[in-house]
Amino acid sequence: MSRKLLVLSVLYFVQGLPYGFQATALPVYMRQEGVSLKGIGLASALSLPWIFKVIWGPWVDRFGSPSFGRRRSWIVPLQVALAAACGVAALIEPQGGLIPLLSLALLMNVFASTLDVAVDGLAVDVLEPRELGYGNIAQVVGYKVGMLTGGGLLVWASQDIGWDGLFLSMAGLILLALAVTATFREPAQPAGVRSSQSVTAVLRALGQAMKVPGAAWVIAFIATYKLGESMADAMFRPFLVDGGITRGDIGLWLGTYGLLFSLVGSFLGGIAASRFGLLRTVAAAAALRALAVGGEWWLSLVELTPGRVISVIAVEHAFGGALTTAIFAVMMSRVDRQIGATHYTVFATIEVAGKLFAGWLSGYFATWFGYAGVFAIATVLAFAFLGLLYPIFRLQAGEVESPRIHA
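Criteria and thresholds
- Residues numbered from 1 in each chain as written.
- Predicted model: local features only at pLDDT ≥ 70, side-chain atom pairs only at ≥ 80, totals over all residues.
- Heavy atoms only, no water.
- Salt bridge = Lys/Arg side-chain N within 4 Å of Asp/Glu carboxyl O.
- Helix = DSSP H or I, 4+ residues; strand = E, 2+ residues; numbered from the N terminus.
- Buried < 20%, exposed > 50% of the residue type's maximum accessible area, 1.4 Å probe, protein only.
- Core = buried A, V, L, I, M, F, W, Y, C linked by side-chain atoms within 4.5 Å.
- Contact = heavy atoms within 4.5 Å.
- Polar contact = N/O pair within 3.5 Å; in protein donor to acceptor, adjacent residues only side chain to side chain.

## Quick look at the pattern of salt bridges
A side chain with one charge may pair with a side chain of the opposite charge, provided their charged atoms come close.
So, point 1. Using the criterion set out here, one finds three salt bridges in the structure.
So, point 2. Between Lys-53 and Asp-116 there is a salt bridge; the shortest N-O distance is 2.5 Å. Taken together, the positions of Lys-53 in helix α3 (residues 49-62) and Asp-116 in helix α5 (residues 98-126) put the pair 63 residues apart, joining distant regions of the chain.
So, point 3. What makes Asp-116 buried here is its relative accessible area of 7%.
So, point 4. A salt bridge links Glu-229 to Arg-289; its shortest N-O distance comes to 3.0 Å. Placement of the pair is Glu-229 in helix α9 (residues 227-242) and Arg-289 in helix α11 (residues 278-299), with a sequence separation of 60 residues.
So, point 5. The network of salt bridges with common partners includes Lys-226, Glu-229 and Arg-289.

## Topic: the nonpolar core
So, point 1. Ranked by size, the top nonpolar core spans 88 residues in total, and within it Phe-21 and Phe-167 carry the most contacts.
So, point 2. Ignoring sequence-local partners within four residues, the contact set of Phe-21 consists of Leu-26, Leu-101, Gly-150, Gly-151, Trp-163, Leu-166, Phe-167 and Met-170.
So, point 3. Ile-219, Phe-221, Met-331 and Met-332 belong to the second largest nonpolar core, which has 29 residues in total.

## Description of the side chain of Arg-289
So, point 1. Taking the relative accessible area as the measure of exposure, Arg-289 reaches 0% and is therefore buried.
So, point 2. Polar side-chain contacts of Arg-289 include one of 3.0 Å to the backbone oxygen of Tyr-225.
So, point 3. Not counting the four nearest positions on each side in its chain, Arg-289 is found in contact with Tyr-225, Lys-226, Glu-229, Phe-319, Gly-320, Leu-323, Ala-382 and Phe-385.

## Some remarks on the environment of Ile-392
So, point 1. Relative to the helices and strands, Ile-392 resides in helix α14 (residues 389-396).
So, point 2. Placed 176 residues apart in sequence, Ile-392 and Ala-216 show a C-alpha to C-alpha distance of 9.8 Å.
So, point 3. With residues near it in sequence (within four places) discarded, Ile-392 still touches Trp-217, Val-218, Phe-221 and Leu-279.

Structure follows, in structure tokens:
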């Protein structure tokens, strides 16, 4: 099991690198280039491949070399392509190179999102039911360590190594990860598990799942649980830039300290879900996370100091990490293993779509109402999400949770 978890952690780490850059470094770069808040908010559309991957996801399930490995046939070439895109980005001149850089960021998301489908398929194939809980921690923590590196450590180091050094470092880390994953021998397809052959099969499976009592509430739950947090996060970095916080401090405080606290929260969230129940953990983490989003609203009303900013970042990321781990456990528990990764991709697409919608609106709200206004709206949305838990708790009353949740 340790070998499988190591490989999965490395693969999710690779996916987190470009997203960490996009979430932390790109807004800072765009603001320094004079891009408007509306433009920064709309730049979240670069993540659209993470929604559209549901369209090409079944092709990842369908094609692959049995001798090389059905999943490795996609994973290895996509890692090479992602490293190449980072290498090309290192050649772009920072001044006046915004459009080429945005284009490459979009291409990186295409590669990373497709890689995610293949890695999710690998996780579904290799993890035993008792290992799913640990696998979920490997997924969340591996991805966030990648985000910490791409959006924290490398942004902080970019003051000395420059933007080109940042991209070259990302490419080098991806190639190092490739050396680890290339040696992994993919096991045979688990007995009794078939893969999806078409988008139609995925939609049919989703239609069947929607007939289960309470399924609509779960879909709404997955789609909206991060509306408030995502809206606040999209404007928090420009808020810090306009508040006089340096690029290095943003990378260190938000991209490094914040993600470290997020990792701690992810571990604790997984442990709590196993010991105290999934929905109880989700409810507690969501309530505490909503209070933490309110902390960003508070920062917009007071003088910014390092202590205040770091404290809010730490609390928000810790409870957000715990909530994410628990939500992903919900998604895992609802996946039909008969259609593997493509069914999980549907849930993941819904989850990403909810976050993107809030990011698109955030720049407009910040322009119309100011930073305090957009953070206030985000806080209200974060608390409003808690209302969806009530019908889910009622539907779960008297039911036994899937043992896979507690693996």
